[in-house]
Amino acid sequence: MNILSDRINNLAVSQTLAMAALARELKAQGKDIISLSLGEPDFNTPDFIKEAAKKAIDENYSTYTPVDGYVELKEAICRKFKRDNNLEYKPSNIVVSTGAKQSLYNVAQVMLNDGDEVILPAPYWVSYYEIIKLSGGVPVEVPTSVESDFKITPEQLEKAITPKTKMMWFSSPCNPSGSVYNREELTAIGKVLEKHPNIYIVSDEIYEHINFSGTFCSIASIPGMFDRTITVNGVAKAFAMTGWRIGYIGAPEFIAKACTKMQGQVTSGANSIAQRATITAVEANPSVLNDMVKAFKNRRDLVVELAKEIPNFKINVPEGAFYLFPDVSYYFGKTLRGKEIKDATDFSMYLLSEANVATVTGDAFGNPNCIRLSYATSEDLLKEALKRIKEVLI
Ligand code: PMP
Ligand code: GLU
């Protein structure tokens, strides 16, 4: 008899975290590894947020919080949704959780029954697939490619819908492709969903502010979509607070209530100090992020320019987040330096062993032709990493 459950035995390890751990291990062994694996800002959390946390400690915010989050935080999140997204959520629509990852997990757990289908435009963020499966859902991948800027068309969506479709999950700006859906594209998706009133949408907007396209649209702001959208966001990326572990949703009240019930049994709520600091973060004018966003844009420009010089990489120009997702399928079936490259995983491992550069295979994101490079690191390291990659491919 298995001692561990089928549930955990059937769960894949998070490949982003696994690659980051492997890069760390090789570094500890003395190898000169450049890690472009993990999607995590290399900036420090802004001082004004750190001060708010210190104050919260001194003011003894040390007890359990309300399960769904401090009321002051939920009110601040409502003002943020209004200010940035033109969405009219009430505090009863908000649930604060231990990272956006837990927000997503809650939603899957409270909405999916065994066999419910969830449409995932691919590439999708690595954990969607496993979270959905873990909750009994069936991920239905809708493939896209570099040629279509990794965006799905309304026709593709229509075709993927079956009587079992319960939800669609997507991120914009997208991890891993960096694509940003504009209002027209979301309106076209909304038109398809209008005909299927029972389908709910998870809109993961965690990269909202790391966006160089000049426009941002929440699908919940498209007519007819508000009452069937769960808008997911958090402070990890925009405010360089990955370790603070705060994410949140805006959702119809019955879904918010269900998520609160779930987390009441699982975590009792998110960390009190991090919640107080998050009030300060979400109340801040997004212009405080200008310098960081500018740095990301410069890096994006740099990485795109350097990647264009790498033979046979096919790339889109990512408009947001901090990833490049080149199609490297030209190399499949070839042998480089005595190593056979069958697929994207082989290619990524080849870059690790020959160039000492850690990336993540596109397989982790539902796209077997690509690899993901995170450019959340210094320009000097990016230049060196892309130089090394180029050298082992010619
Ligand atoms: N969604 C996407 C698209 C992400 O890239 C991440 C980053 N890990 C998350 C959700 C989870 O964010 P958090 O760190 O707040 O759990
Ligand atoms: N979102 C980041 C990434 O995709 C963090 C890793 C994770 O949470 O899996 O690399």
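Note: the structure precedes this text.
Rules behind the numbers
- Residues numbered from 1 in each chain as written.
- Chains lettered and ligands numbered in written order.
- Predicted model: local features only at pLDDT ≥ 70, side-chain atom pairs only at ≥ 80, totals over all residues.
- Heavy atoms only, no water.
- Helix = DSSP H or I, 4+ residues; strand = E, 2+ residues; numbered from the N terminus.
- Rg over C-alpha atoms; globule rule 2.2 N^0.38 Å.
- Buried < 20%, exposed > 50% of the residue type's maximum accessible area, 1.4 Å probe, protein only.
- Areas by Shrake-Rupley, 256 points an atom, 1.4 Å probe, with all protein chains shown as cover.
- Lys, Arg positive; Asp, Glu negative; His and termini not counted.
- Charge placed at Lys NZ, Arg CZ, Asp CG, Glu CD.
- Near = heavy atom within 4 Å.
- Polar contact = N/O pair within 3.5 Å; in protein donor to acceptor, adjacent residues only side chain to side chain.
- 1 Å grid on protein atoms, 1.4 Å probe; cavity = no way out; pocket = protein on both sides within 12 Å on 5 of 7 lines; lining within 4 Å.
- Sits in = over half its atoms within 2 Å of the grid points.
- Points joined across faces, edges and corners; volume = space filled by probe spheres on them.
- Nonpolar A, V, L, I, M, F, W, Y, C, P; charged D, E, K, R; others polar.
- Pairing = 2+ DSSP bridges.
- Axes fitted to C-alpha atoms, helices over the stretch in contact; angles between N-to-C directions.
- Core = buried A, V, L, I, M, F, W, Y, C linked by side-chain atoms within 4.5 Å.
- Contact = heavy atoms within 4.5 Å.
- Disulfide = S-S within 2.5 Å.

Notes on the overall build of the protein
Then, in step 1: Assigned secondary structure in the protein consists of 13 helices and 14 strands.
Then, in step 2: Computed over its C-alpha atoms, the radius of gyration of the protein comes to 21 Å, within 12% of the 21 Å expected for a compact globule of 394 residues.
Then, in step 3: A principal-axis box enclosing the C-alpha atoms of the protein has dimensions of 60 × 55 × 55 Å.
Then, in step 4: Looking at the protein as a whole, 55% of its 394 residues qualify as buried.
Then, in step 5: Surface accessibility of the protein: about 16800 Å² in total, with carbon and sulfur atoms responsible for 52%.
Then, in step 6: Both charge centroids of the protein, one from 43 positive and one from 47 negative side chains, sit 1 Å from each other.

Some points on the site of ligand 1
Then, in step 1: Close to ligand 1 lie G99, A100, K101, W125, N175, D204, I206, Y207, A236, K237 and R245, which account for all nearby residues.
Then, in step 2: A distance of 2.7 Å separates an oxygen atom of ligand 1 from a polar atom in the side chain of N175.
Then, in step 3: Measuring from an oxygen atom of ligand 1, one finds a side-chain N or O atom of R245 at 2.8 Å.
Then, in step 4: Expressed as a share of its isolated accessible area of 390 Å², the protein-covered part of ligand 1 is 93%.
Then, in step 5: A majority-of-atoms criterion places ligand 1 in the largest pocket.

Regarding the site of ligand 2
Then, in step 1: Residues in contact with ligand 2, as listed here, are S14, T16, L17, L38, G39, K101, W125, N175, Y207, K237, Y323 and R372.
Then, in step 2: Here T16 contributes a side-chain N or O atom positioned 2.7 Å from an oxygen atom of ligand 2.
Then, in step 3: Residue G39 places a main-chain N or O atom 2.8 Å away from an oxygen atom belonging to ligand 2.
Then, in step 4: Because more than half of its atoms lie within 2 Å of the grid, ligand 2 is assigned to the largest pocket.

Here's the deal with the layout of surface pockets
Then, in step 1: By volume, the largest pocket amounts to about 430 Å³.
Then, in step 2: In this structure, the largest pocket is lined by 24 residues; those nearest its centre are G39, K101, W125, K237 and R245.
Then, in step 3: Listing elements by their share of the lining of the largest pocket, those giving two or more residues are helix 2 (15-28) and helix 5 (99-111).
Then, in step 4: Among the elements that make up the lining of the largest pocket, the one with the highest residue count is helix 5 (four residues).
Then, in step 5: Residue composition of the lining of the largest pocket, grouped by class: 11 nonpolar, seven polar and six charged.
Then, in step 6: For the lining of the second largest pocket, the elements supplying multiple residues, two or more each, are helix 5 and helix 6 (126-134).
Then, in step 7: For the lining of the second largest pocket, the element with the highest residue contribution is helix 6, accounting for six residues.

So, the sheet that holds strand 9 (residues 323-324)
Then, in step 1: Spatially, 9-14-13 is the arrangement adopted by the three strands of the open sheet, whose pairing is antiparallel. Sheet topology places strand 9 and strand 13 (360-361) at the edges, where each strand pairs with a single neighbour.
Then, in step 2: Relative to strand 14 (residues 371-374), strand 13 runs antiparallel, the two being bridged by two bridges. By the bridge assignment for strand 14, T361 is matched with I371.

A look at the sheet that holds strand 5 (residues 165-171)
Then, in step 1: In space, the seven strands of this open sheet follow the order 2-8-7-6-5-3-4, with mixed pairing throughout. The open sheet has two edge strands with one neighbour each: strand 2 (94-97) and strand 4 (138-143). For this sheet, the mean angle separating the axes of adjacent strands, direction not counted, is 20°.
Then, in step 2: Pairing of strand 3 (residues 117-122) with strand 5, which is carried by three bridges, proceeds in the parallel orientation. Bridge pairing in strand 5 places I119 opposite M168.

Looking at the nonpolar core
Then, in step 1: Of all hydrophobic cores here, the largest spans 109 residues; its most connected members are M167, W169, I230, F347 and L393.
Then, in step 2: Take this core: its biggest share by element is eight residues, from helix 11 (residues 290-308).
Then, in step 3: Residues within four places of I230 in sequence aside, it is in contact with V107, M111, M167, Y200, I201, V202, S203, I249, G250, A251 and I255.
Then, in step 4: Counting 19 residues, the second largest nonpolar core, distinct from the first, contains I161, F170, I201 and M225.

Observations regarding the state of the cysteines
Then, in step 1: Tallying each qualifying case throughout the model produces zero disulfides.
Then, in step 2: Its sulfur unpaired, C174 is 11 Å from the next cysteine sulfur, which belongs to C370.
Then, in step 3: Residue class for C174 comes out buried when judged on its relative accessible area of 6%.
Then, in step 4: The thiol of C259 is unpaired, and the distance to the nearest cysteine sulfur, on C78, comes to 15 Å.

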